[in-house]
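Summary of the model geometry
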Amino acid sequence: MERTGFEPFGEQLVSATDAQPKSRASKLLLRAGTALFWSLVAGIVLARAAFFEPGIYDGFSRVASLAKNLIF
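A few points on the structure. From a predicted model like this one, the values you see are computed outputs, not experimental measurements.

As for the overall build of the protein chain
Of the regular secondary structure elements, the protein chain holds three helices and zero strands. Listed N to C, the secondary structure of the protein chain is α-α-α in terms of helices and strands. Across the 72 residues in the protein chain, those meeting the buried criterion constitute 0%. Carbon and sulfur atoms form 66% of the exposed surface of the protein chain, whose accessible area is close to 7300 Å².

Structure representation (structure tokens):
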């Protein structure tokens with residue numbers, strides 16, 4: 001007989017075998033979704049690196065120093 005695990009709030013824990021996709025199509029969709037997600041992440045990081053402007057936050061530091069001078 002199998003023992004069932006519970007979390008501290010009384011919910012039944014899902015075993016590792018229950019969490020795995022069962023059919024071949026769901027495994028394929030899982031891999032395709034994962035690949036799509038990570039390719040989008042890589043694309044965003046590369047685009048940010050390509051179009052990075054080092055002086056973009058200079059205006060914010062001027063506003064921050066002005067606010068600091070006004071407050072203190």
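Some words on the packing of aromatic side chains
Applying the stated criterion across every chain yields a total of one aromatic pair. Relative to Trp38, the ring of Phe37 has its centre 4.9 Å away and its plane inclined at 75°; by these criteria the two rings are edge-to-face. Residue classification places Phe37 among the partly exposed residues on the basis of a relative accessible area of 46%.

With respect to a nonpolar patch on the surface
Residues Leu66, Leu70, Ile71 and Phe72 make up a contiguous nonpolar surface patch of about 560 Å² in total accessible area. Of note, Ile71 is situated in helix α3 (residues 58-71). Since its relative accessible area comes to 65%, Ile71 is described here as exposed.

Focus on α3
Given a rise of 1.5 Å per residue, 14 residues ought to cover 20 Å, and the 20 Å separating the end C-alpha atoms of α3 matches this to within 8%. Sparse coverage of α3 is indicated by the burial of zero of its 14 residues.

Quick notes on the rules
Residues numbered from 1 in each chain as written. Predicted model: local features only at pLDDT ≥ 70, side-chain atom pairs only at ≥ 80, totals over all residues. Heavy atoms only, no water. Helix = DSSP H or I, 4+ residues; strand = E, 2+ residues; numbered from the N terminus. Buried < 20%, exposed > 50% of the residue type's maximum accessible area, 1.4 Å probe, protein only. Areas by Shrake-Rupley, 256 points an atom, 1.4 Å probe, with all protein chains shown as cover. Phe/Tyr/Trp six-rings, centres within 6.5 Å; stacked < 30°, edge-to-face > 60°. Patch = residues over 30% accessible without salt bridge, like charges linked within 9 Å, V, L, I, M, F, W, Y side chains within 5 Å. Salt bridge = Lys/Arg side-chain N within 4 Å of Asp/Glu carboxyl O. Expected span 1.5 Å × (residues − 1).

In short, shape yes, function no, at least from these values alone.
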